[in-house]
Amino acid sequence: MSAITDPPKGGFHLSMLIYDSRYRSMTIQIVTLMLFMLGVAWLINNAAENLARLGKPLSFGFLWEPAGYDINQKLIEYNSQMSNARAALVGLLNTLLVAALGCITATILGVTIGVLRLSNNWLVARLMTVYVETIRNVPVLLWIALTMAAIIHSLPQPKAFRGDNATASMIGDAVAITNRGVYIPKPVLHDGSLIVIGVFLLSIVAMFVFGKWAKAHQAATGQILPTFWIKLGIFFVPAILTFFVMGNPITLEYPALKGFNFKGGFHIRNSLIALWLALSLYTAAFIAEAVRAGIMAVSKGQSEAAAALGLRSSWTMNLIVLPQALRVIMPPMISQFLNLTKNSSLAIAVGYMDITGTLGGITLNQTGREMECILLLMLCYLIISLIVSSVMNWYNNSVKLKER
Amino acid sequence: MKKTTFLGTVAAAAMVAGVAGAGTLDDIKAKGFLQCGVSTGLVGFAAADANGNWGGFDVAVCRAVAAAVLGDAQAVKFTPTTGKTRFTALASGEVDMLARNTTWTFTRDVDLKFTFVGVNYYDGQGFMAPKSLGVTSAKDLDGATICIQTGTTTELNLADYFRSNNISYEPVPVETNSEAQQQYLSGACDVLTTDASGLAATRATFEKPGDHVVLPEIISKEPLGPLVRHGDDNWADVVRWTLNALIAAEELGVTSANVSEMGMKAGNNPEINRLLGTEGGLGEKLGLSNDWAKNAIAAVGNYGEIFEKNIGENTPIGLSRGLNAQWTNGGLIYTPPFR
Amino acid sequence: MTKKVSYVRTEMLPEQTPPLTAAGPIAWMKTNLFSSISNSILTVAAIIALYFILSGLLPWIFHSSWAAGSLNECRDVIKEAYGPDASGACWAVIRERYLQLAYGFYPPFPGGEMNGFAPMEGASLPGYFRPNLTFILMLVALSPILFSALPRKMLWFSAIYPFLGFWLLWGGSVWVPVMAFMGFVLAGLAFQIIGKMFGSLFGVIAAFVVPVLWWIALSGYAADMMQSIVPVGLLPIESSQFGGFMLSIIIGITGIVVSLPIGVVLALGRQSDMVIVKALCVGFIEFIRGVPLITLLFVASVLLQYFLPADVTFDKILRVVIMVTIFAAAYMAEVIRGGLAALPIGQYEAADSLGLDYWKATRLITMPQALKISIPGIVSTFIGLFKDTTLVSVIALMDPIGLTNNIRGDANWNGIVWELFGFVGFVFFVFCFSMSRYSMYLERKLKTGH
């Protein structure tokens, strides 16, 4: 039989590039590559010619010119005299902020709703179904616009807090919920506060280490420790102890109504809340579906086997069903996180200054550099997506069932 | 899946069309209509009614140009543009001209390569606040939350003004005018800023317009006007002189009511004769017919009529002429002579 | 024979109704609503939440006004009817503008003569005849694809429908779509003839090259020539007059239908052994999936023009459709790749052992099965795409959300929010929900496992 696979004797003919299966794939690939390169070259050439004709050749110099506009929510120092690049960075951080917040709340909400949908409580299960179907079948842009409208129309204005017969009041004199956003107390750091923060961070690390150890311990001995309470203790106790030992180095600054607005404290703006809320609620519906599908994908025999072993129902869920379901849930969940991040570009609808609003919005409009701005914008999103998906895939691989 | 459809390719085959190379005017005459970029909807300036008919102060300029070039004020198609898409639409040849309350600035004229053909409305950026706020001047606005429309010169003006007066503010950027109103009326921002004409137009639609004041400070100059691409001077001339014809008509007392009568035969005033084409053949020099201005005025009226019909004191918007009165009445509206 | 005394009962007792606690509504409530303390708490919380939502929503929906010319008039009508504190929905705006929300600025009665096109319809036809007919024909064209019980011959209609639909909507000379369709006929002929003469690879190449040459060089002239000989046409309608849900449906359907073959090619490319082809496909798919649709729409509205020669311009809707198609194709490729990956390896091996070459194996064995598995995924991609068409409002196309801005730009309806968003959301819900039900029906039908 080996004779068949022997290469045919004789010289090389040009026609072999097509008829000989050894060379054919190479031919096809080279032709494809050449066509692709030609196409790209054609596009780039057109763009260069058109831009030259309009008198604005590709140049990123505008990035270092003063932006000239102000941004309300800035996680880093920024004013209107700083460069467009700085403004883009402020926007990028805002994008990341809303994406991170959204992913966390969407996960919590989504898992809760997904589990409740499988609840044996008829009313709750139906309500959750209605929720999921309503949310999923209406465009997210509409939800964002509606959430914003709901916030600015139904929450009290700051001036409702004013005067003797104020119609609204702060919660515990610390939190004010207005239609301009929520004002919460802000921690002010004094001497020694770094130690408290350090201890706090250490205790978080300790919490994870303990969790790992407890798991190993359980695997080795079968003993299940009350990890939740111990973790809670590790989380709070050392930090609180150091806080008092160091003599209250962190104080709170409360918001207070001064002039037009509340002053002091953290201001979580309505645009952030609307976007965050709408994205979380929307993505949660999809995550809920993934969670439900994941739980249902775990074969019934698994929970029956657990019951036969005499496990409690909560243990069955935590030790048998969820770990297996997680492997089914993770991949769709990752793509939902990516969707949420990409959907955050709709911030434009509520005036949240994310990177689409700064680099792809005001900077683009004011400088007229469409090509550069949009290419940079796409690059930013691409990098975010690639980072998120590689991190999540790494996590996914670590929880994946190790098969032979 | 052979049955899958190929609409994209079909459409591609069908809709690839040549655009303006050099002669926009010839292109328009050939295709039989004018493509005009307008805003997506601004009360009094450009909005479509339930039947999709566009009307408004900016739209009238488009119609006048269509009437001058093609003799038909209806031979115009409108492309709604946003702050972001308007300049590209014009630069790429998607629209022939832009009449979208666009401020004439150095950068736009020189760096973005456009030609502003004139000013059809002299505006300036102002502030509107509820009366109950008790604010009488923009200088009192320290710490206020201010709604601004993005994609316009207003946000740069605002940053400059507050910076130079050393007062702080909280900008709330919004994408559209209707969004801005929504936020302002519900108290999510204290102050609304945009061009003074826009403020008046917005206030006019409120339930209780009297509860809101426009602050006295005008913090910028906003000459708004139609614009065309750089490099086609002939077309720029057509749009420029159509606008001038509307202005001259008001100055000379030519209205949509009397234009046909006045344009029948040459009268005593030589400038009217030249304008209406009964003398001098100005239209031919532009590459149009001699009754171009007559057509434009007959279709939409003179500048004053357009103003009164769309944004004047008898409309809900209720703008007074102010700076936009004829120069003979102390305003800035002034046209070079038709000679 | 002694009389037997039975120790057990010999006759059955009549059945008793179960106790109230084990059957009927009370028992149902007990098992389904109040089975445990935590369940009872959940139930009560759900009832309270439901009450708050409905008590806020229902009066607003029903204390409404259907007949008014402006928002202020609406408010007066509602105050008069339901008391001074009542606030209700102003559905009058929907009543006035529902046609606009459905069709945009599409002329209801296109008639008259223009550019030598003989009008084939006048005011005697019902309003919006052309878009309505197109929509109905679309359903007819889709039905053989959606429901396998229908005769297969109907697929021929599905094949010519895109050209027919395009012509009905945009109008113009009938020969333009006919000549465009000819390109596909030529492609088929080229594949048959050249394939027979020089082998299938050349056939495939010819099937690509011949129609492209035809479209670029000849079809325009042929259409012009035929138009001058046999002038048949409809009044052309500008793209800027398209809007509303009609626009959403056009963009959504075209995007999904065109993206399907591209997605198949990309999915095959991604699975291919050829390194360069695979790298190109992976790069394309990951790039498109990594950026938000809105940036692609910016490209469509702002940048695409720069990438074309200076004298070529694309219609705006076409530009958007191109970018939406590219976007959908990347997602479609992943869906189909999932379908291919889900096939048992035995299918590939069986095809190989039958001696089928790659294209035959793909066309006859693997792809039909993979597509069948992927249908639910394709439908959900479509639902996502249909919802995402609302983003075109950001680049000033008049989709339903874009129209809400325009309607609020009218002095009469300035400041109206909830009614418009509510209506648009409701219509989207109806469309998407029915599609997702259809997808579930398919999933059940296609389930061949146990």
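**Notes on the overall build of chain B**
Stage number 1. Counting its regular elements, chain B contains 14 helices and 15 strands.
Stage number 2. The globule rule puts the C-alpha radius of gyration for 339 residues at 20 Å, and the 22 Å found for chain B is close to it.
Stage number 3. The C-alpha extent of chain B, read off along each of the three principal axes, is 75 × 60 × 40 Å.
Stage number 4. Within the span of chain B, comprising 339 residues, buried residues form 58% of the whole.

**Topic: the overall build of chain A**
Stage number 1. When helices and strands are counted, chain A shows 13 helices and seven strands.
Stage number 2. The C-alpha radius of gyration computed for chain A amounts to 29 Å, which surpasses the reference 22 Å derived for 404 residues by more than 25%, pointing to a less compact arrangement than a globule.
Stage number 3. Counting the 404 residues in chain A, one finds 35% classified as buried.
Stage number 4. For chain A, the share of sequence-separated contacts (at least 6 apart) that also reach a separation of at least 24 residues comes to 66%.

**Description of the sheet that holds strand 1 (residues 176-178) of chain A**
Residues and elements named next belong to chain A.
Stage number 1. Sheet architecture is open: three strands sit in the order 1-2-7, paired in antiparallel fashion. The strands lining the two open edges of the sheet, one partner per strand, are strand 1 and strand 7 (266-269). Direction aside, the axes of adjacent strands within the sheet are offset by 15° on average.
Stage number 2. One ladder, built from four bridges, connects strand 2 (residues 181-184) with strand 7; its direction is antiparallel. When the sheet's bridge partners are listed, G181 is paired in strand 7 with R269.
Stage number 3. Along the sheet, helix 9 (residues 270-297) contacts strand 2 and strand 7; its crossing angle with strand 7, the most-contacted strand, is approximately 55°.

**What about the interface of chain C and chain B?**
By a widespread convention, an interface's size corresponds to the accessible area lost as its parts come together.
Stage number 1. Tallying the contact residues gives 53 residues for chain C and 47 residues for chain B.
Stage number 2. Among the elements that make up the side of chain C that touches chain B, the one with the highest residue count is helix 6 (residues 154-170) of chain C (seven residues).

**Some points on helix 2 (residues 37-62) of chain C**
Residue and element names in this part refer to chain C.
Stage number 1. Between its first and last C-alpha, helix 2 extends 37 Å over 26 residues, near the 38 Å set by a 1.5 Å rise per residue.
Stage number 2. The principal kink in helix 2, of about 25°, is found at L54.
Stage number 3. Within helix 2, only two of the 26 residues are buried, leaving the element largely exposed.

**Quick look at the sheet that holds strand 9 (residues 125-130) of chain B**
All names here are of chain B.
Stage number 1. Spatially, the five strands line up as an open sheet ordered 11-10-12-9-13, and their pairing is mixed. One side of each edge strand has no neighbouring strand; the edge strands of this open sheet are strand 11 (169-174) and strand 13 (212-214). For this sheet, the mean angle separating the axes of adjacent strands, direction not counted, is 25°.
Stage number 2. Two elements, strand 10 (residues 144-149) and strand 11, share six bridges in a ladder whose sense is parallel. Opposite A144, over in strand 11, you have Y169 as the bridge partner.
Stage number 3. Contacts between helix 7 (residues 177-185) and the sheet are confined to strand 10, strand 11 and strand 12 (191-195), with strand 10 contributing the most and set at about 165° to the helix.

**Things to note about the interface of chain A and chain B**
Stage number 1. Taken residue by residue, the interface counts 30 residues in chain A and 30 residues in chain B.
Stage number 2. Mapped onto the side of chain A that touches chain B, the elements with two or more residues apiece are helix 6 (140-154) and helix 12 (355-367) of chain A.
Stage number 3. Sort the elements by how many residues they give to the side of chain A that touches chain B and helix 12 of chain A lands first, with six residues.
Stage number 4. In terms of residue class, the side of chain A that touches chain B is made up of 10 nonpolar, 16 polar and four charged.

**Remarks on the pairing of strand 5 (residues 76-81) of chain B**
Residue and element names in this part refer to chain B.
Stage number 1. Among the six residues of strand 5, five are classified as buried, and the element is accordingly described as predominantly covered.
Stage number 2. Of the pairings in the sheet, the one linking strand 2 (residues 34-39) to strand 5 comprises six bridges and is parallel in character. Across the sheet, the residue bridging to Q35 is K77, located in strand 5.

**Brief notes about the packing of helix 6 of chain C against helix 7 (residues 175-198) of chain C**
Residues and elements named next belong to chain C.
Stage number 1. It is the contact of helix 6 with helix 7, at a shortest axis distance of 9 Å, that shows an interaxial angle of 160°. As summarised for this structure, helix 6 and helix 7 are arranged roughly antiparallel, according to the angle between their axes. Relative to helix 7, the crossing made by helix 6 is right-handed. Residues I160, F163, F166 and W167 of helix 6 form the contact with helix 7, whose participating residues are P177, A180 and F181.
Stage number 2. Taken together, the residues that form the contact of helix 6 with helix 7 break down as seven nonpolar, no polar and no charged.

**Digging into the domain arrangement of chain B**
Residues and elements named next belong to chain B.
Stage number 1. Per the domain assignment, the segments of chain B are domain 1 (25-122 + 224-329) and domain 2 (125-220).
Stage number 2. Taken over C-alpha atoms, the centre of domain 1 sits 30 Å from the centre of domain 2.
Stage number 3. On the side of domain 2, 12 residues touch domain 1, which itself brings 15 residues to the contact.
Stage number 4. Grouping the amino acids of the side of domain 1 that touches domain 2 by side-chain chemistry returns seven nonpolar, seven polar and one charged.

**Description of the environment of L275(A)**
All names here are of chain A.
Stage number 1. As for its placement among the helices and strands, L275 is situated in helix 9.
Stage number 2. The spacing of L275 and T147 is 128 residues in sequence and 7.8 Å in space, taken between C-alpha atoms.
Stage number 3. The contacts of L275, once residues within four sequence positions are left out, are V98, I144, S344, A347, V350 and Y352.

**Description of the pairing of strand 2 of chain B**
All names here are of chain B.
Stage number 1. Judged by how many residues are buried, strand 2 sits mostly within the fold: six of six residues are covered.
Stage number 2. Bridge count for strand 2 against strand 6 (residues 97-98) is two bridges, and the pairing is parallel. Within strand 6, the position partnered with G37 by the bridge is L98.

**A few points about the nonpolar core**
Stage number 1. Core analysis: the largest hydrophobic core is formed by 270 residues, its most contacted members being I144(A), L275(A) and L297(C).
Stage number 2. L169(C), V174(C), V176(C) and A223(C) belong to the second largest nonpolar core, which has 16 residues in total.

**Details of the domain arrangement of chain A**
Stage number 1. What the domain assignment lists for chain A is domain 1 (2-53) and domain 2 (84-138 + 268-399).
Stage number 2. Taking only C-alpha atoms into account, the centre of domain 1 of chain A sits 42 Å from that of domain 2 of chain A.

**Comments concerning the environment of E313(B)**
Residue and element names in this part refer to chain B.
Stage number 1. By the element assignment, E313 lies in the segment after helix 14 (303-310).
Stage number 2. Residues E313 and D111, spaced 202 residues apart in sequence, show a C-alpha to C-alpha distance of 37 Å.
Stage number 3. With residues up to four places along the chain from it excluded, the contact list for E313 reads G318 and S320.

**Quick look at helix 6 (residues 154-164) of chain B**
Turn by turn, an α-helix covers 3.6 residues, leaving residues three or four places apart pointing in a common direction.
Stage number 1. Most of helix 6 of chain B is tucked away: eight of the 11 residues are buried.
Stage number 2. Taken together, the buried positions of helix 6 of chain B are T154(B), E155(B), L156(B), N157(B), L158(B), A159(B), Y161(B) and F162(B).
Stage number 3. As for helix 6 of chain B, its buried residues are in contact with helix 12 of chain A together with strand 9, strand 10, strand 11 and strand 12 of chain B.
Stage number 4. Looking at the residues trailing helix 6 of chain B, positive phi occurs at N166(B), about 55°.

**Overview of unusual backbone geometry**
Residues and elements named next belong to chain B.
Stage number 1. At K113, a residue that is not glycine, the phi angle is positive and equals roughly 65°.
Stage number 2. Here K113 is to be found in the loop between helix 5 (106-111) and strand 7 (114-116).
Stage number 3. Not every positive phi belongs to a glycine, and N166 is a case in point at roughly 55°.
Stage number 4. Assignment of secondary structure puts N166 in the loop between helix 6 and strand 11.

Cut-off values and rules
- Residues numbered from 1 in each chain as written.
- Chains lettered and ligands numbered in written order.
- Predicted model: local features only at pLDDT ≥ 70, side-chain atom pairs only at ≥ 80, totals over all residues.
- Helix = DSSP H or I, 4+ residues; strand = E, 2+ residues; numbered from the N terminus.
- Rg over C-alpha atoms; globule rule 2.2 N^0.38 Å.
- Buried ≥ 20, exposed ≤ 12 C-beta atoms within 10 Å, placed from the backbone.
- Contact = placed C-beta atoms within 7 Å.
- Pairing = 2+ DSSP bridges.
- Axes fitted to C-alpha atoms, helices over the stretch in contact; angles between N-to-C directions.
- Expected span 1.5 Å × (residues − 1).
- Bend = angle between axes of the 7 residues up to and from the residue.
- Nonpolar A, V, L, I, M, F, W, Y, C, P; charged D, E, K, R; others polar.
- Parallel < 35°, antiparallel > 145°, perpendicular 65-115°, else oblique.
- Left-handed = near helix turned anticlockwise from the far one by under 90°.
- Domains from an automatic or database assignment.
- Core = buried A, V, L, I, M, F, W, Y, C linked by C-beta atoms within 7 Å.

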